[in-house]
Amino acid sequence: MPAASIRPSHPVPRSLSELCAHFGLDAPEGVDQVEVTGVSISSMDVESGDLYVGLPGARVHGASYAAKAEEAGAVAVLTDAAGAELAGELGIPVLVTEEPRLALGDVSAWIYRTDPDQPKLFGVTGTNGKTSVVYILDGLLLQLGVVTGLTTTVERRIGEERIEASLTTPEASELHALLARMREVGVHAASIEVSAQAVTRHRVDGIEFDVVGFINLSHDHLDDYVDFEEYFGEKLKLFTPERARRGVVSLDSEWGARVVEDSRIPVTTISSKPGTDADWNLVVTGAEGGSTSFTLTSPDDRVLHSSIPMPGWFSAANAGLAIAMLVESGYDLGEIAEVLERDGGIDAFVPGRLELVSGDKGPRLYVDYGHTPDAFEQTLGALREMTTGRLFMVFGADGDRDRTKRPEMARVAAAGSDVVIITDYNPRTEDPDEIRRVLVESVKASHPERELHEIADASLGLRKAVSLAGPEDTILVAGPGHESYTEVAGSKIQYSARDEARAALREAGW
């Protein structure tokens, strides 16, 4: 079910003529009696009463589907001048604006009435860890007794209502529909994963975050951005008065200091690195059974002792960032400490992020969504600390994405593991043999001594790892994470690394 299907159950109509007046649009004939109850940018998602927004696309202009949108129940179209020509003769009003994508967020906010009435909003950005911080925020809020909502790469969730996600951050029309639905069911706080692309493509326009958090910046998405500076600049746009009231910035990556320096909103800082001059300081105090304990010291020298049921110092750092964001938004640190002591730590689960899918016997097998060199390095480092035997790394590189990171991904995988198994992972329209060739060559060039297996079929590659591993070993399957499909030659094929891993372990007698 698409994310656009989560909408308010009882939308309050808005006058199309008032919309034209509010946004300074020329009102074509016939707008006076028209009322709008929703917004859609896909003719397949249109519901009766929608304003269909025809966006210019890389291949096809959305206005080309205006007639289909009308057939589905759209009562008006908003597009640019070129789109108005493509839409042809329609029986519904066509509104024209210079940049419909730029207008989409504010128009959606106005129609869904989310601009003056939003829940408390937390936005999380960074190359790695966004999903984890959002789920930790949500878990903490639930422990505090708050009715919550969230949107991540994995899912959209409003209370008990959940759907699978298609984008890291929903399109603006979908996001405002979600917020309107959240208002209906009494959601008090919502956590939103915000990618750089979401900022670039105006997906978070029309909302104001109470607190935004910055985790890190590392090699990724350089297929979308010219260089790190441009990539960084898009994330920095969250730290402006137009986007957020306050920010929390991790200084664990060098880019954190840049955020602090260039931020246009008040920010507080946090670090897990010894000797760093930060407002909040986190120290990892132990790791046992996949759980990480930590101590967090606030700017006023209050100390919180707790744990997160996930391995790795970065998991504790993510937890610290989430706690600091809650405090910055007005939650009391003492109350947070009390519920964490009551519950024995943070109660949070992150689907497909260092998710343990094995049982009590046999090798420990984790499935993770990480697909950057930095994510590989941090995850392998955390698993190395808890592995007494060999560490296996099963991975591939997704096609039609940043190709420049692939050699470094392979080098880091070989450096951090004992056995490397390279498989296909979402080749999309690229030649999977060529993707694997680059990875294999990088492993051989950087670590010729490393045991290496190239197995195209991801299921067979995973089973190879299980067949070689013993009870003291650890297997990391990196890339697929929570995903339920793989994309090959433009077609999506059902595939779940989590399900395949469990099946492989059962077949091996574990």
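Residues numbered from 1 in each chain as written. Predicted model: local features only at pLDDT ≥ 70, side-chain atom pairs only at ≥ 80, totals over all residues. Heavy atoms only, no water.

As annotated in an unreviewed UniProt entry, the chain carries the name UDP-N-acetylmuramyl-tripeptide synthetase and is attributed to Pseudoclavibacter terrae. Taken directly from UniProt, the Subcellular location (unreviewed entry) text for the chain runs: "Cytoplasm". On record in UniProt, under Cofactor (unreviewed entry), the comment for the chain is "Mg(2+)". (UniProt positions renumbered as here; feature names shortened; annotations may be inferred.)

Caption draft 1: Fine view of the layout of surface pockets. Within this model, the second largest pocket holds a volume of roughly 260 Å³. Lining the second largest pocket are 22 residues, and of these Asp424, Tyr425, Ala458, Thr486 and Tyr495 lie nearest its centre. Listed by contribution, the elements that provide at least two residues to the lining of the second largest pocket are strand 20 (391-395), helix 15 (458-468), strand 23 (474-478), strand 24 (485-488) and strand 25 (491-494). (1 Å grid on protein atoms, 1.4 Å probe; cavity = no way out; pocket = protein on both sides within 12 Å on 5 of 7 lines; lining within 4 Å. Points joined across faces, edges and corners; volume = space filled by probe spheres on them. Helix = DSSP H or I, 4+ residues; strand = E, 2+ residues; numbered from the N terminus.)

Caption draft 2: Looking closely at the sheet that holds strand 11 (residues 189-193). A sheet is described by the order of its strands in space; here eleven strands give the open sequence 10-9-8-11-7-12-13-14-15-16-17, paired in mixed fashion. The open sheet terminates on both sides in strands that have one partner only, identified here as strand 10 (161-164) and strand 17 (303-308). On average, each strand axis in the sheet is inclined to that of its neighbour by 20 degrees, with strand direction left out of account. Bridging between strand 8 (residues 148-151) and strand 9 (residues 155-158) involves three bridges; their strand directions are antiparallel. Residue pairing in the sheet places Thr151 in a bridge with Arg156 of strand 9. Sitting on the sheet, helix 5 (residues 130-143) is in contact with strand 7 (120-125), strand 8, strand 9, strand 11 and strand 17, with an inclination near 170 degrees to strand 11. Each of strand 7, strand 8, strand 9, strand 10 and strand 11 touches helix 6 (residues 172-184); the most contacted strand, strand 9, lies at about 25 degrees to it. (Pairing = 2+ DSSP bridges. Axes fitted to C-alpha atoms, helices over the stretch in contact; angles between N-to-C directions. Contact = heavy atoms within 4.5 Å.)

Caption draft 3: The pairing of strand 15 (residues 280-288), seen in detail. Here two bridges tie strand 14 (residues 267-271) to strand 15, and the two strands are oriented parallel to one another. Its bridge partner lying in strand 15, Ser271 is registered against Asn281. Alignment of strand 15 against strand 16 (residues 291-297), held across seven bridges, turns out to be antiparallel. Each bridged residue has a counterpart across the sheet, and for Asn281 the counterpart in strand 16 is Thr297. In this antiparallel pair of consecutive strands, strand 15 and strand 16, the connection spans two residues, and Gly289 shows a positive phi of 60 degrees.

Caption draft 4: The arrangement of the packing of aromatic side chains in detail. Enumeration according to the criterion identifies six aromatic pairs in this entry. Relative to Trp255, the ring of Phe228 lies with its centre 6.0 Å away and its plane at 20 degrees, an arrangement referred to as stacked. Remark: Trp255 occurs in helix 9 (residues 255-262) and Phe228 occurs in helix 8 (residues 228-236); sequence separation between them is 27 residues. Judged by relative accessible area, which is 11%, Trp255 ranks as buried. A ring pair is formed by Trp313 and Phe314, whose centres lie 6.2 Å apart and whose planes are at 80 degrees; its orientation type is edge-to-face. Taken together, the ring pairs connect Phe228, Tyr231, Phe232 and Trp255 into an aromatic cluster. Over the face of the ring belonging to Trp110 we find Arg14, whose NZ or CZ atom lies 3.8 Å from the ring centre. (Phe/Tyr/Trp six-rings, centres within 6.5 Å; stacked < 30°, edge-to-face > 60°. Buried < 20%, exposed > 50% of the residue type's maximum accessible area, 1.4 Å probe, protein only. Lys NZ or Arg CZ within 6 Å of the ring centre and 35° of its normal.)

Caption draft 5: Structural view of the packing of helix 1 (residues 16-23) against helix 4 (residues 100-112). The geometry of helix 1 relative to helix 4 is characterised by a closest axis approach of 11 Å and an angle of 135 degrees between their N-to-C directions. For the element pair helix 1 / helix 4, the angle class is oblique. When the axes of helix 1 and helix 4 are compared, the crossing they make is right-handed. Across the interface between the two elements, Glu18, Leu19, His22 and Phe23 from helix 1 touch Asp106, Val107, Trp110 and Ile111 from helix 4. Within the contact of helix 1 with helix 4, the residues separate by chemical class into five nonpolar, one polar and two charged. (Parallel < 35°, antiparallel > 145°, perpendicular 65-115°, else oblique. Left-handed = near helix turned anticlockwise from the far one by under 90°. Nonpolar A, V, L, I, M, F, W, Y, C, P; charged D, E, K, R; others polar.)

Caption draft 6: Expanded view of the sheet that holds strand 21 (residues 419-422). Reading across from one edge, 18-19-23-20-21-22 is the order of the six strands in this open sheet, with mixed pairing throughout. Two strands lie at the open edges of the sheet, namely strand 18 (355-356) and strand 22 (451-454), each paired on one side alone. The sheet contact formed by strand 18 and strand 19 (residues 364-368) spans two bridges and is antiparallel. Bridging across to strand 19, Leu356 finds its partner in Tyr366. Strand contacts of helix 13 (residues 406-416): strand 20 and strand 21, with the helix running at about 160 degrees to strand 20, the strand carrying the most contacts.

Caption draft 7: How the structure looks around the UniProt feature "domain: Mur ligase N-terminal catalytic" (unreviewed entry) in the chain. Under the local residue numbering, the UniProt record ascribes the feature "domain: Mur ligase N-terminal catalytic" (unreviewed entry) to residues 35-92. The distance separating the terminal C-alpha atoms of residues 35-92 is 12 Å; by composition the span is 24% helix and 22% strand.

Caption draft 8: Highlighting the domain arrangement of the chain. By domain assignment, the chain separates into domain 1 (14-111), domain 2 (120-343) and domain 3 (355-507). Averaged C-alpha coordinates put domain 1 and domain 2 at centres separated by 34 Å. Taken residue by residue, the interface counts nine residues in domain 1 and eight residues in domain 2. Of the roughly 770 Å² buried between domain 1 and domain 2 on both sides combined, carbon and sulfur atoms contribute 62%. Its largest share of buried area at the contact with domain 2, domain 1 owes to Arg101, Leu102 and Gly105, together 48% of the area lost on that side. Summed over the shared surface of domain 1 and domain 2, the result is one salt bridge. Joining domain 1 to domain 2, the criterion identifies three residue pairs in polar contact (both at pLDDT 80 or more). Ranked by residue count, the leading element in the side of domain 1 that touches domain 2 is helix 4, at seven residues. (Domains from an automatic or database assignment. Buried area = accessible area lost by both parts, 1.4 Å probe. Salt bridge = Lys/Arg side-chain N within 4 Å of Asp/Glu carboxyl O. Polar contact = N/O pair within 3.5 Å; in protein donor to acceptor, adjacent residues only side chain to side chain.)

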